[in-house]
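Chain residues, written in single-letter form:
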Amino acid sequence: MLSNSGHDERGLYSGGTAGDQTGGEWSIIPWYQYPWDGGWHCVLHHPNANVRKMIAQLAREAAENNNIGYDQAERYTYWLALSKAGYYPRQINTPCEADCSAGVLANVKAVGYLLNDEKLKAVSIYGYTGTEKQILTNAGFECRTDAKYLVNDDYLYAGDILLNVYDHTCTCITDGAKVTTPEDKRNTYKFKHEFLKKGSEGKEVFRVKCILKARGFYKNSINTKYGKKAKEAMKLFQAAAGRKQTGNFNLGTRRTLYGLAEDGEYFIVKECKSGDVNTSVLLLQEMLMALGYYKDKLDRSFGKQTKTALIAFQKEANKNGAGLPTNGVWDVKTIQYMIG
């Protein structure tokens, strides 16, 4: 299934991809039979599964929000509305417009802010189909041109972006039948995300204070009580993220702060090791920084400094009987001890 803004009786469609409007009616065609200028020229695929999942989520939200329309003359108003809505299209409640490329690029840029990815943040919303390939490959996307990606949807991942450099672009929002995601088969740890307000207590408060402290919003001691200073720090974060400054840790703020994949009421943290680059690594770095073990960049990249800091944490935890491995791998046992 592909997404841009718009609907027909079958559900979501992708502008000219799902149909050619002639004589005031839509003539439905399969997306992979895109009829103009040679069909699809390439698929732009991001190697990070979390990035792809979020791109697909935002594309679906945009397609389902009737406040988002199609107008090339006002193609940048969607990005303005998206940034004001905390980067989630479902939260846009005022009319705005995009065309195919402005919409795709705005969603990718929004994912950069939601997942704190600097390359994605730098994506220009002022591109068009003729420049989109270069913009996205500069941001870390792979360009796939093998025929199997262009003539059917079997090998497309949710979050893949199809491009015809002359005419059109759109986003795939469901996995094809033959895709494989080996990076998602590692062990994971899940924790329940909770609403917080002044007076709340618990492990969620501890996690939030660690992240806010690592990002420079919270300057005080880390404990499990959500008091006045934590609420003030949360307001600062919400302001920086373009969200309503309530000071409460509501669902939208939780998603923006963590940027992790979700399973119902739970966030999913992956096991991490040297060489990994993902949002779980970012959470590890934030926790280690707040706890005094890590002083390098929060860059989502599991390098030498991250491993050294994690080993130091594991050794210190074992002095208290934690029984953790001291190999510098953020395995499920260490994740649970640190954040669970």
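Every value quoted in this text rests on a predicted model; they were computed, and no experiment measured them.

One pass over the full model with this rule turns up 12 salt bridges. Glu286 is the salt-bridge partner of Arg215, the closest N and O atoms lying 2.7 Å from each other. Taken together, the positions of Arg215 in the loop between helix H7 (203–214) and helix H8 (228–240) and Glu286 in helix H10 (residues 279–290) put the pair 71 residues apart, joining distant regions of the chain.

Moving on, we get to the pairing of strand E12 (residues 188–192). Only one face of E12 is buried: it carries Tyr189 and Phe191, and the other face, with Thr188, Lys190 and Lys192, is open. Alignment of E12 against strand E14 (residues 266–270), held across 5 bridges, turns out to be antiparallel. Within E14, the residue paired with Phe191 across the bridge is Phe267.

With that out of the way, let us pick up the sheet that holds E14. Pairing in this open sheet of 3 strands is antiparallel, and the strands run E12-E14-E13 from one edge to the other. Because the sheet does not close on itself, it has two edges, and the strands there are E12 and strand E13 (261–263). Pairwise comparison of adjacent strand axes, ignoring direction, gives a mean angle of 40° for this sheet.

Structurally, Arg243 can be placed in the loop between H8 and helix H9 (251–258). In this structure Arg243 is buried but unpaired, with Glu61 as the nearest side chain of opposite charge at 9.3 Å. One polar contact links Arg243 to Thr256, side chain to side chain, over a distance of 3.5 Å. Residues in contact with Arg243, not counting those within four places in the same chain, are Ala85, Gly86, Tyr88, Gln91, Gln238, Gly252, Thr253 and Thr256.

By the criterion of burial, strand E11 (residues 168–172) is predominantly enclosed, with 5 of the 5 residues buried. Between strand E10 (residues 161–164) and the antiparallel strand that follows it, E11, lie 3 residues.

In this section: the nonpolar core. Of all hydrophobic cores here, the largest spans 42 residues; its most connected members are Leu212, Trp330, Met338 and Ile339. At the level of elements, E12, H7, H8, H9, E14, H10, helix H11 (304–318) and helix H12 (332–339) are the ones that each hand at least two residues to this core. Ignoring sequence-local partners within four residues, the contact set of Leu212 consists of Phe217, Tyr218, Ala233, Met234, Phe237 and Leu257.

A separate point is the environment of Val269. Within the secondary structure, Val269 sits in strand E14. Residue Val269 is classed as buried on the basis of its relative accessible area of 0%. Sequence separation of Val269 and Thr279 is 10 residues, and the distance between their C-alpha atoms is 8.4 Å. Once residues within four sequence positions are removed from consideration, Val269 is found in contact with Asn187, Thr188, Tyr189, Phe191, Leu260, Ser280, Leu283, Trp330, Ile335 and Ile339.

Further remarks concern the confidence of the model for the protein chain. Taken as a whole, the protein chain shows an average pLDDT of 87; of its residues, 88% reach a score of 70 or greater. Taken together, the stretch residues 1–29 has pLDDT below 50 and engages in 82 contacts with residues farther than four places along the chain or on a different chain.

The next subject is helix H3 (residues 100–115). Between its first and last C-alpha atoms H3 spans 23 Å; for 16 residues at 1.5 Å apiece the expected length is 22 Å, and the two agree. When you tally the buried positions in H3, you get 15 out of 16 residues, the bulk of the element.

Cut-offs used in this document
Residues numbered from 1 in each chain as written. Predicted model: local features only at pLDDT ≥ 70, side-chain atom pairs only at ≥ 80, totals over all residues. Heavy atoms only, no water. Salt bridge = Lys/Arg side-chain N within 4 Å of Asp/Glu carboxyl O. Helix = DSSP H or I, 4+ residues; strand = E, 2+ residues; numbered from the N terminus. Buried < 20%, exposed > 50% of the residue type's maximum accessible area, 1.4 Å probe, protein only. Pairing = 2+ DSSP bridges. Axes fitted to C-alpha atoms, helices over the stretch in contact; angles between N-to-C directions. Lys, Arg positive; Asp, Glu negative; His and termini not counted. Polar contact = N/O pair within 3.5 Å; in protein donor to acceptor, adjacent residues only side chain to side chain. Contact = heavy atoms within 4.5 Å. Core = buried A, V, L, I, M, F, W, Y, C linked by side-chain atoms within 4.5 Å. pLDDT = per-residue confidence, 0-100. Expected span 1.5 Å × (residues − 1).

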